[in-house]
Amino acid sequence: QVQLVESGGGLVQAGGSLTLSCRASGVIYSINTMGWYRRAPGKQRELVADITKDGSANYADSVKGRFAISRDNGKNTVSLQMNSLKPEDTAVYYCNTHTWDAFDYWGQGTQVTVSS
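Conventions adopted
- Residues numbered from 1 in each chain as written.
- Predicted model: local features only at pLDDT ≥ 70, side-chain atom pairs only at ≥ 80, totals over all residues.
- Heavy atoms only, no water.
- Phe/Tyr/Trp six-rings, centres within 6.5 Å; stacked < 30°, edge-to-face > 60°.
- Helix = DSSP H or I, 4+ residues; strand = E, 2+ residues; numbered from the N terminus.
- Buried < 20%, exposed > 50% of the residue type's maximum accessible area, 1.4 Å probe, protein only.
- Lys NZ or Arg CZ within 6 Å of the ring centre and 35° of its normal.
- Disulfide = S-S within 2.5 Å.
- Salt bridge = Lys/Arg side-chain N within 4 Å of Asp/Glu carboxyl O.
- Polar contact = N/O pair within 3.5 Å; in protein donor to acceptor, adjacent residues only side chain to side chain.
- Contact = heavy atoms within 4.5 Å.
- Pairing = 2+ DSSP bridges.
- Axes fitted to C-alpha atoms, helices over the stretch in contact; angles between N-to-C directions.

## A short note on the packing of aromatic side chains
(1) Moving on: Taken as a whole, this structure holds one aromatic pair when the rule is applied.
(2) Moving on: Judged by centre distance (5.0 Å) and plane angle (70°), the rings of Y37 and W106 are edge-to-face. You can see Y37 sitting in strand β4 (residues 31-39) and its partner W106 sitting in strand β10 (residues 104-106), a full 69 residues away along the chain.
(3) Moving on: Taking the relative accessible area as the measure of exposure, Y37 reaches 22% and is therefore partly exposed.
(4) Moving on: On the basis of relative accessible area, W106 is assigned to the partly exposed category, the value being 31%.
(5) Moving on: For the cation-ring pair, R45 lies above W106, with the distance from its terminal atom to the ring centre recorded as 3.8 Å.

Dropping the structure here:
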C-alpha cells in the first residue's frame, strides 16, 4: 500500500498563492502518476493536475497558467504551486497516486479557501 500525507492548505485572498505538498510512503516503487484532485462544495471531485514519473504534467483547463505541479522522485513528494487563486478554487484538495497495477491511493485532504 501507499500512504499519503498532505500539507499546505489554508485561507488566502483572491489573487494570492498557496503551495500544497504531499509525501508518499509505503510501496513507493509501484507509483506511476502523482497528482492533485479537488472537491468543491456541491460538486464532484475533479482532477486539478497530475504528473508522471518522467515528469509529464497534465492540467485541468481551469488552472492552466496559474498552477504548477512538480515532483521529486528521490523524496517521493509532489507539490502544487497555486498562483492567482480565485474564489472558485475553494475546495478540499486531495493528493493522489496511481500505481502501475492500476490502484489509486488518496490523502486525507486539505482545505483551500480563497476569499473574494
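Additional details are given in the paragraphs that follow.
## Notes on the state of the cysteines
(1) Moving on: Here the structure, examined in full by the defined rule, presents one disulfide.
(2) Moving on: The disulfide partner of C22 is C95, and the gap between their sulfur atoms is 2.1 Å. The sign of the S-S torsion, about -85°, decides the handedness of the disulfide formed by C22 and C95: left-handed. Of this pair, C22 sits in strand β3 (residues 18-26) while C95 sits in strand β9 (residues 91-99), placing them 73 residues apart in sequence. For the residue pair C22 and C95, the accessibility class agrees, reading buried in each case.

## Comments concerning the pattern of salt bridges
(1) Moving on: Per the stated rule, a full pass over the model turns up four salt bridges.
(2) Moving on: A salt bridge links D89 to R38; the nearest nitrogen and oxygen atoms lie 3.0 Å apart. Placement of the pair is D89 in the loop between β8 (77-82) and β9 and R38 in strand β4, with a sequence separation of 51 residues.
(3) Moving on: A salt bridge links R66 to D89, with the shortest nitrogen-to-oxygen separation between them at 2.7 Å. Of this pair, R66 sits in the loop between β6 (57-59) and β7 (67-72) while D89 sits in the loop between β8 and β9, and the two are 23 residues apart along the sequence. Neither R66 nor D89 differs from the other in exposure class; each is buried.

## So, the side chain of N96
(1) Moving on: Relative to the helices and strands, N96 resides in strand β9.
(2) Moving on: We classify N96 as buried; its relative accessible area is 4%.
(3) Moving on: Within the local environment of N96, its side chain forms a polar contact with the side chain of D104, the two groups lying 3.2 Å apart.
(4) Moving on: A polar atom in the side chain of N96 sits 3.4 Å from the backbone oxygen of Y105.
(5) Moving on: Beyond its immediate chain neighbours, meaning those up to four positions away, N96 contacts L4, T33, M34, G35, Y37, D104, Y105 and W106.

## Remarks on the sheet that holds β8
Paired through backbone hydrogen bonds, the strands of a sheet run either parallel or antiparallel to each other.
(1) Moving on: As summarised here, the arrangement of the four strands in space is β1-β3-β8-β7, forming an open sheet in which the pairing is antiparallel. Looking at which strands have only one partner, the edges of the open sheet turn out to be β1 (2-7) and β7. Strand after strand, the sheet turns through a mean of 15° between neighbouring axes, direction not considered.

## Quick notes on the pairing of β4
(1) Moving on: The buried fraction of β4 amounts to seven of the nine residues, a majority that puts the element mostly inside the structure.
(2) Moving on: In this structure, β4 lies alongside β9, joined through eight bridges in antiparallel fashion. Of the residues in β9, the one forming a bridge with W36 is C95.
(3) Moving on: For β4 and strand β5 (residues 46-51), the ladder comprises five bridges, and the chain directions are antiparallel. If you follow R38 over to β5, its bridge partner there is E46.

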